[in-house]
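Notes for the structure review
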Amino acid sequence: MDGRREKVNSISYTLWLRSAVCLRQFRIGQLYMISKHSHEQSDRGEGVEVVQNEPFNDPTHGQGQFTEKRVYLNSKLPSWARAVVPRIFYVTEKAWNYYPYTITEYTCSFLPKFSIHIETKYEDNKGCNDNIFDNELKDQEREVCFIDIAYDEIPERYYKESEDLRYFKSEKTSRGMLQEGWRDTQNPIMCSYKLVTVKFEVWGLQTRVEQFVHKVVRDVLLLGHRQAFAWVDEWIDMTMDEVREFERTIQEATNQKIGMFPPSISIGETPVSSLAPNGPASAPSTPLYTDAPEFLSVPKDRPRKKSAPETLTLPEPVQSESAPASGSAANHASLSPAPTQSDLV
């Protein structure tokens, strides 16, 4: 150690996204988009596993829905991040949806001092509420990022002509094509205001983590909001019960697609009272994996030292009769089988 102390860093900024639907309609469209998007971006061993989806009643925000998901994305990480994480790697997402207010948290068991916290407020306006997060931010400095779902660039691998909102026109609503300046003329229109806070305590990686997280969050939100409008003809006639049933069906199909067991998904009216709004303080445990990370693996073709003995015999360990049998490892491992192939943004 050279005497330096790890630096605790935290960044906060807001993202504003407008959409060519009203607040009431976007509630349905958001649920539809999240389920379909997760299914499309999942493949065997990687993608979004739904662990829990239950009604939840909060004393402050009222009736809502709690979801917990695991996002397996090792192959989507940059090379510098893959070098320091296990080959089986997931991010835990916990979300409390009290629409038009939601809380989403992301944690990583391998980096327990790293987290992303997103608060979202939805309003029927063009993005003119400059003070929407004043109570949360108080006197903190913040950066405001405006995202245009029609004209901002998305990663090339996610581009689809059918989802290009400059050329898409809804048959059922006659909305679109979104031309330059659409935010000033479109009716209806609503805005998603997002307050993003990233906390991490990883010496030497602050700048890289900040840049990477900002780009990932922006790209995910941009693609999701584009798709919500591009798929409007698929969900515009749905009721809340119908979209919840679609959500349940597609989530079970997604879990099977990536090779996970069916989740515990409830669309009933019985609220889950045991879940705290802020969630547990501890990070989830890492999936069981016996191999060392690649960056610690010994090359198979490395020549052995001539002085090393050919064999080494150790005495058999004596197991104490009083030692309790452990079955938790096997049970835990069954939740997270090793991925076999790799795109969730």
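Residues numbered from 1 in each chain as written. Predicted model: local features only at pLDDT ≥ 70, side-chain atom pairs only at ≥ 80, totals over all residues. Heavy atoms only, no water.

**Focus on the packing of aromatic side chains**
Quick reminder of the rule: Classification of ring pairs uses Phe, Tyr and Trp, with its six-membered ring standing for Trp, and accepts pairs whose centres are within 6.5 Å; under 30 degrees between planes counts as stacked, over 60 as edge-to-face, and the remaining range as tilted. For the purposes of this entry, the term helix denotes a DSSP run of H or I that reaches at least four residues, the term strand denotes a run of E that reaches at least two, and both are numbered from the N terminus. Burial status follows relative accessibility: with a 1.4 Å probe on protein chains alone, a residue under 20% of its type maximum counts as buried, one over 50% as exposed, and anything between as partly exposed.
This model, assessed by the stated rule, comprises ten aromatic pairs. Ring plane angle 15° and centroid distance 4.5 Å describe the contact between Y32 and F246, whose orientation is recorded as stacked. With a gap of 214 residues between them, Y32 in helix α1 (residues 23–40) and F246 in helix α7 (residues 240–257) connect regions that are remote in the sequence. The class for Y32 is buried, based on a relative accessible area of 6%. Both rings, one in Y72 and one in Y90, keep their centres 5.4 Å apart while their planes meet at 55°; by these two values the pair is tilted. In this pair, Y72 sits in strand β3 (residues 62–72) while Y90 sits in strand β4 (residues 90–98), placing the two residues 18 residues apart along the sequence.

**Describing the nonpolar core**
Defined as follows: Residues belong to a common nonpolar core when they are buried Ala, Val, Leu, Ile, Met, Phe, Trp, Tyr or Cys residues joined through side-chain atoms within 4.5 Å. Contacts: residue pairs with any heavy atoms within 4.5 Å of one another.
Counting residues in hydrophobic clusters, the biggest one holds 48 residues, and the most contacted among them are L15, L165, V196, V198, V217 and W235. Among the elements of the structure, β1 (9–19), α1, β6 (111–123), β7 (143–147), β8 (190–200), α5 (206–230), α6 (232–235) and α7 are those that each provide at least two residues to this core. The greatest single-element share of this core, amounting to nine residues, is contributed by α5. Beyond its immediate chain neighbours, meaning those up to four positions away, L15 contacts C145, I147, S192, Y193, K194, V196, V217 and L221.

**Let's talk about the environment of C128**
For C128, the location among the structural elements is in the loop between β6 and α3 (134–137). Separated by 112 residues in the primary sequence, C128 and W16 place their C-alpha atoms 9.8 Å from one another.

**With respect to a nonpolar patch on the surface**
What counts is decided by this rule: Only residues whose relative accessible area exceeds 30% and that form no salt bridge are eligible for patches; like-charged ones are grouped when within 9 Å, while nonpolar side chains (Val, Leu, Ile, Met, Phe, Trp, Tyr) are grouped when within 5 Å. Each accessible area is a Shrake-Rupley estimate made with a 1.4 Å probe; only the visible protein chains count as cover when residues are assessed. Counted as salt bridges are all cases of a side-chain nitrogen of Lys or Arg within 4 Å of a carboxyl oxygen of Asp or Glu.
Together, Y159, Y167 and M177 give the surface a local cluster of nonpolar side chains, amounting to about 340 Å² of exposed area. When you line up the elements, Y167 lands in the loop between β7 and α4 (182–185). By relative accessible area, which is 51% here, Y167 ends up exposed.

**A look at the pattern of salt bridges**
Scanning all chains against the criterion turns up eleven salt bridges. The partner of K172 in a salt bridge is D237, with the nearest N and O atoms 3.0 Å apart. With K172 in the loop between β7 and α4 and D237 in the loop between α6 and α7, this pair connects stretches of sequence that are 65 residues apart. Look at D237 and you get exposed, because its relative accessible area is 57%.

**As for the pairing of strand β2 (residues 47–58)**
Our working rule: Two strands are said to pair when DSSP picks up at least two bridges between them.
Among the twelve residues of β2, nine are classified as buried, and the element is accordingly described as predominantly covered. With eleven bridges joining them, β2 and β3 adopt antiparallel strand pairing. Paired with N53 across the two strands is T67, which belongs to β3. Adjacent in sequence and paired antiparallel, β2 and β3 are bridged by three residues.

**Thoughts on the pairing of β6**
Pairing analysis gives eight bridges linking strand β5 (residues 101–108) to β6, with the strands arranged antiparallel. The residue bridging T102 from the neighbouring strand is T120, located in β6. Here β5 folds back onto β6, and the loop between the two strands holds two residues. One ladder, built from nine bridges, connects β6 with β8; its direction is antiparallel. In the strand pairing of β8, I118 is matched with V196.

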